[in-house]
Amino acid sequence: MSNEISKFQDPGLPAHQHRKSDHDPKAEKRAEQQVAILFLLSAISTVGTVASYIFIKPGKFVFLPIMGDVDAQQLFLGLGLAFSLLFIGFGAVQWARRLMPDEEVIAERHEFRSEDADRKDFVDTVKERAGTVGLGRRSLIKRSLGLALGLVGITPLVMLRDLGPLPKKQLETTSWAAGTRLVTDPGDRPLRPEDLEVGSVAQVLPFLAQGEERTLENIGKDAVLLIRLRPEEFQLDSKRLSWTHDGIIAFSKICSHMGCAVALYEQQTKHLLCPCHQSTFDVTRAAKVIFGPAARPLPQLAITVDSEGYLVAQQGFTEPIGPSFWERSS
Amino acid sequence: MKKSEKIAGNVANYVDERTGAAKWLKKNLTKVFPDHWSFMLGEVALYSFIILLFSGTFLTFWFDPSQRDVVYNGSYTPLADVKMSAAYASALHISFDVRGGLLMRQIHHWAALLFMAAMIAHLMRIFFTGAFRKPREANWLIGVGLVTLGIVEGFLGYSLPDDLLSGTGIRIAEAILQAIPVVGSYLAFFAFGGAFPGHVFIPRIYTVHVLLLPGIFLALITVHLMLVWYQKHTQYPGPGRTEKNVVGYPLMPVYMAKAGGFFFIVFGVTALLGAVASINPIWLYGPYTPGQISAGSQPDFYMGWLDGLVRMSPPLETHAFGHTISWNILIPGLIVPGILFTGMALYPFIESWMTGDKREHHLLDRPRNNPNRTALGAMSLAFMLVILINGGNDLIATHFHLTINQIMWFTRIAVFVVPPIVFVITKRLCLSLQRADREIVLHGRETGRLVMMPNGEFVEVHEELSAEKKFTLTQHEQPQALEVPTTDRSGVRNPQGIKGKLRARMSQAHVEQVPAPSQEEAKALEGGHH
Ligand code: HEM
Ligand code: FES
């Protein structure tokens, strides 16, 4: 190992350089004053903070470049707090740097490994203590304890069971059924085909009978988008075409990827875009995925009009809406 | 004796007579801490955690973690008479009707970002300098645990206000739960107390956010610091610094004053940010409803990389035997993050296995002196950066007039191509930095001054390095690769099989070094040079 021997020698810790304030009383005095000024600035800032709290009325706005309009009270409270803290910090650091002893010191380290004798002692003690318990001999106790400890963890798991109900068929069903009217969201007005111009979009929900409440859980499953195209723009098979009405096509608004609301419709390309991960669906081809991580088209809702001319569902969704789950069969 | 001294003496006496702490305290008040800017990163993380405790507690006094329906009637008029959850209404109340409430919300959120950023930077410092080596593996594991839990805690935090943006994040988390094979739907229904969104999720995550996780953080941070204390801090190599000592400033007073002062500075900076830089303006998003979405949804940066992974994953699903497996969710949402974090946690053990190095290390590596490790770290960072970029692809698209399609394909390819390239470049860079170190140790530093030799030739004056500098640049070890035993004692060929070969390969790659100059080399050159 010739290389090891001829390494450059460690010259040792360089000699300590004294600061001016270490030997010049004037410099020391100046440093002391500096630190005191910093602490005083903090005190003044605190007075400012309290004054802002009491005297500035909430809802008054001041204009800041880049930031725009900012609530004056929040701003001055924040600035006051910030400076009262910062100046304490600056003062303490300055104090340490200018006036406290700045000589580096050396402390020894010791290897963590114990002496061999101590280690052996320890092992012997453990063995001896364990011997008095006699686990090796009492295998009945050992096994039954193992069983008991293994099982006792089940209790807290079982007790978490009441966190929620079983899913049953809830992930597979929505409120839509044959004849359910489509109503606007917001507004809950039933819609006629004439209400939608070619090229427009509307968000709808299933009709709600008097006295019924619409919950967020319902909206999370029932939200539907209506889009009206010219009928000849569709490229659908005959079944899917029969699910449209007069150029109006309906899709679940809940993304088939991870359930965000598919809210962006591009009129030119006739694409629906989900802002979460940018899955893009082609409206003319039954919401086929043309881009992004979604693996399935948005489920299409079959629609028609009822005897009074209002848009209704021909039937419920024929597949579960929203993100996939283990029990989903297609 | 002055009065204050007398009081202090009495207190010390009282405590010591009941605990015998005097000896221990004396020893620890003079405990030595090495000084380096990179040692402050962990401190910043600690201080921002304390700020989170303060500001979070303030918020709890007004925040109502309930998904009960209320009609808003506070002073933010654009949302007057809108139906919303009590949680959202109370977050609006904090923002508009509690003096300093908005400031505290913003301080809390900025401190959360700083907490995560500081922890990640701290982790990088530990990694690149090899501070995770024996005996500090346990602290590395605690650190990886803290970063992981920090991501969860931050996510739960910004889910609490129940605005349109945060609800969308919860929706995505629900979809990940639901995608877990076999038990997914059950887990989702248990977590949400039924169908999404339900009425119990916010109260439940509130308990986790303000009690369970902060408690775990506190416990982990305590153990982390106790270990630092007990094992003593590592130090950078330099004159007078060895594996057997620690060189720095004593705890009292210098380190105490600096660290204490630094806490106030960090707190002041978050307050300054909270005062001038608006963050998470929940009133602009509106209350959560599953049928709507705010355009350009962006999570906080520590979640952004996950979002980027999800965005770039191909649309893969398996439908078989009446069941569905969503690879497009499982791979980016659980499998890849799982592999990343497990790999990170195990790295100290992998490195010690492949180098066969079981010694204690208290002197840090300069990153260039361990090219393989440094390149591996740079490679991982490159991977994270590419997927983080994809997480912001919509912002980048609008900013640079690109299509999302272009960015998506770029990152889908880049995520496989860029990290290996970064690995190779970093490794080369480290080796050439080592070569540069060798050069200046042997030939001195170029001064830019030219002198004319008697024969009319101009040569540049090289200034010899100080002995301190020379030592710093040459003190590192020159590790040897492990040898694979081709036959063992009883004559069996290559007893360790493929594993042994792999280990030898890895160890060879790991020890690649430019030899550090020796004194002989320096002497040999001296003759010819002057
Ligand atoms: C490591 C720790 C923590 C992190 C990373 C964290 C992160 C966050 C984040 C990002 C938010 C959203 C803030 C916003 O509205 O923009 C939040 C909200 C909140 N946090 Fe924390 N937090 C932490 C610890 C705590 C603690 C210890 C408490 C209480 C004791 C707390 C109480 C709250 C409350 C009440 C809210 C909701 C109030 C609101 O958003 O207006 N947090 N947290
Ligand atoms: S949720 Fe729509 S793309 Fe992911």
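This one's a predicted model, so the numbers in the text were calculated from it and none came from an experiment. (Residues numbered from 1 in each chain as written. Chains lettered and ligands numbered in written order. Predicted model: local features only at pLDDT ≥ 70, side-chain atom pairs only at ≥ 80, totals over all residues. Heavy atoms only, no water.)

Caption draft 1: Molecular detail of unusual backbone geometry. Residue and element names in this part refer to chain B. For the peptide bond that leads from lysine 134 to proline 135, omega is 10°, which places it in the cis range. By the secondary structure assignment, proline 135 is in the loop between helix 5 (101-129) and helix 6 (137-159). Along the chain, phenylalanine 196 connects to proline 197 via a cis peptide bond; the corresponding omega equals -5°. In this structure, proline 197 sits in the loop between helix 8 (184-192) and helix 9 (201-231). Of note in this structure, valine 182 is not a glycine but carries a positive phi near 70°. Valine 182 gets classed as partly exposed once you look at its relative accessible area, which sits at 47%. (Helix = DSSP H or I, 4+ residues; strand = E, 2+ residues; numbered from the N terminus. Buried < 20%, exposed > 50% of the residue type's maximum accessible area, 1.4 Å probe, protein only.)

Caption draft 2: Inspection of the coordination of the iron atom of ligand 1 at higher detail. Residue and element names in this part refer to chain B. At 2.0 Å from the iron atom of ligand 1 lie its protein donor atoms, namely His108 (NE2) and His209 (NE2). Classification of the site at the iron atom of ligand 1 as octahedral follows from its 6 donor atoms and the range of 87 to 179° in their angles at the metal. Taken together, the residues span a long stretch of sequence, with histidine 108 in helix 5 and histidine 209 in helix 9 at a distance of 101 residues. Note on histidine 108: relative accessible area 17%, which makes it buried. Given a relative accessible area of 11%, histidine 209 falls into the buried group. (Donors = N, O, S within 2.8 Å, 3.2 Å for Na, K, Ca; no water. Tetrahedral: all angles 85-135°; square planar, octahedral: opposite > 155°, others 65-115°.)

Caption draft 3: Representation of the nonpolar core. Core analysis: the largest hydrophobic core is formed by 98 residues, its most contacted members being Met84 and Leu92 of chain B. For leucine 92 of chain B, the residues in contact, after removing those within four places along its chain, are Tyr72, Leu79, Met84, Asp97, Ile282 and Trp283 of chain B. Judged by nonpolar contacts, the second largest core, of 32 residues, contains Leu225, Val262 and Ala287 of chain A together with Ile176 of chain B. (Core = buried A, V, L, I, M, F, W, Y, C linked by side-chain atoms within 4.5 Å. Contact = heavy atoms within 4.5 Å.)

Caption draft 4: Here's a closer look at a nonpolar patch on the surface. All names here are of chain B. A cluster of nonpolar side chains, Leu316, Trp327, Ile331, Leu334, Ile335 and Ile339, forms an exposed patch at the surface whose accessible area comes to about 520 Å². For leucine 334, the position within the fold is in helix 12 (residues 327-355). Leucine 334 gets classed as partly exposed once you look at its relative accessible area, which sits at 39%. (Patch = residues over 30% accessible without salt bridge, like charges linked within 9 Å, V, L, I, M, F, W, Y side chains within 5 Å. Areas by Shrake-Rupley, 256 points an atom, 1.4 Å probe, with all protein chains shown as cover. Salt bridge = Lys/Arg side-chain N within 4 Å of Asp/Glu carboxyl O.)

Caption draft 5: Expanded view of the interface of chain B and chain A. Across the boundary between the two partners, chain B contributes 114 residues, which contact 86 residues of chain A. Counting every contact that joins chain B to chain A gives 2 salt bridges. Taking the shortest distance from any N to any O, the salt bridge between arginine 296 of chain A and glutamate 317 of chain B comes out at 3.3 Å. In this structure, the connection of chain B to chain A is made through 28 residue pairs in polar contact (both at pLDDT 80 or more). Top contributing element to the side of chain B that touches chain A by residue count: helix 10 (residues 251-276) of chain B, with 15 residues. Partitioning the side of chain B that touches chain A into residue classes produces 56 nonpolar, 39 polar and 19 charged. (Polar contact = N/O pair within 3.5 Å; in protein donor to acceptor, adjacent residues only side chain to side chain. Nonpolar A, V, L, I, M, F, W, Y, C, P; charged D, E, K, R; others polar.)

Caption draft 6: Layout of the domain arrangement of chain A. What the domain assignment lists for chain A is domain 1 (17-163) and domain 2 (169-313). A separation of 54 Å is found between the C-alpha centroids of domain 1 of chain A and domain 2 of chain A. (Domains from an automatic or database assignment.)

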